[in-house]
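Here are the chains, one letter per residue:
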Amino acid sequence: VFDDNQDIKLMMEYMIILGDGSMTVGTEESPFQHNAEIEMHGHQQSIELPMYGAKTIAVRHGTVDMHGKPVTPAWCELGETAEKGSSTIIIKQETNWKVGDEIAISSSSFAPEEHEYNKITSISFNSGTTTIGLEVPLLYKHISTETTANGRTIKAAAKIGHLTRNVKLRGNVNKSHLEMVDACPQTFDPDQFATQTCFQGRYGEELDSDQFGSQIMFHAAEMGTREVHGRLENVEVTWAGQA
């Protein structure tokens, strides 16, 4: 059980939960209020647990509870069109987001590489509207429009996703296995019949890794026994999954 009187960081290579054991970071009724970070370490040559592998939290018989502080909203629509180069965006609702939090902004075009990640530098509220200052000026235009046709109002708006949580699960980054992949010189064509010229880099410049992140595996000894339980909410998961 993580002590909710302080920030906690736990680094490990494996965890196996047996004998109706548990790992608890907050509960549904009482979410964790401080910062909790679990960082899993390992690589493709790590010694593996039978059935569960490496860099893993293995649940054989027991429960994992991870509950961070609720974020409102987890995602929403852009309230007004934001032009390329703008350092602010507007949302037509109030939030409990904080300065320093990270957000994602969806593309407003058929070009998926026009999505953006950014960090909040300021927040102000005014009559149900939130104005958010951005660390980096926008690279692309993101729209928010309404059109009326045949008596029906149709809204098209970029989506804003809030990414930061106070409870985090992540894999360590093996820097020796990282490689920058250049953006494909031709724009990615989403048409299903189009001939693609690139596999990597088709959504813009990207970071290629060993694809060996952290994982949680729920695997009881027998099916239908309900011997494993997982309850996770408001948890930030990064560098996870294994190819």
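First things first, this report covers the structure right here in the doc. As the structure is a computational prediction, the values presented were derived from the model and not from experiment.

Let us look at the sheet that holds strand 10 (residues 116-126). With antiparallel pairing, the six strands of this open sheet are ordered in space as 7-14-9-10-11-8. Among the strands making up the open sheet, the edge pair consists of strand 7 (75-77) and strand 8 (88-91). When the angles between neighbouring strand axes are averaged without regard to direction, this sheet yields 35°. One ladder, built from four bridges, connects strand 8 with strand 11 (residues 129-134); its direction is antiparallel. By the bridge assignment, Thr88 is partnered in strand 11 with Gly133.

For the bond from Thr72 to Pro73, the omega torsion is -10°, close enough to zero to count as cis. Of note, Asp20 is a non-glycine position whose phi angle comes to about 60°, a positive value. Along the chain, Asp20 falls in the loop between strand 2 (14-17) and strand 3 (21-25). Of the residues examined, Asp20 reaches a relative accessible area of 55% and is grouped as exposed. Of note, the phi angle at Trp239 is positive, near 50°, even though the residue is not glycine. Note on placement: Trp239 falls in the segment after strand 20 (235-238). For Trp239, a relative accessible area of 38% gives the class partly exposed.

This brings us to the sheet that holds strand 2. Pairing in this open sheet of three strands is parallel, and the strands run 2-5-18 from one edge to the other. The outermost strands of the open sheet, each flanked by one partner alone, are strand 2 and strand 18 (215-218). In this sheet, adjacent strand axes meet at a mean angle of 10° when their direction is disregarded. Pairing between strand 5 (residues 56-59) and strand 18: four bridges, direction parallel. Bridge pairing in strand 18 links Ala58 to Met217.

Reading the values: rules and limits
- Residues numbered from 1 in each chain as written.
- Predicted model: local features only at pLDDT ≥ 70, side-chain atom pairs only at ≥ 80, totals over all residues.
- Heavy atoms only, no water.
- Pairing = 2+ DSSP bridges.
- Helix = DSSP H or I, 4+ residues; strand = E, 2+ residues; numbered from the N terminus.
- Axes fitted to C-alpha atoms, helices over the stretch in contact; angles between N-to-C directions.
- Buried < 20%, exposed > 50% of the residue type's maximum accessible area, 1.4 Å probe, protein only.

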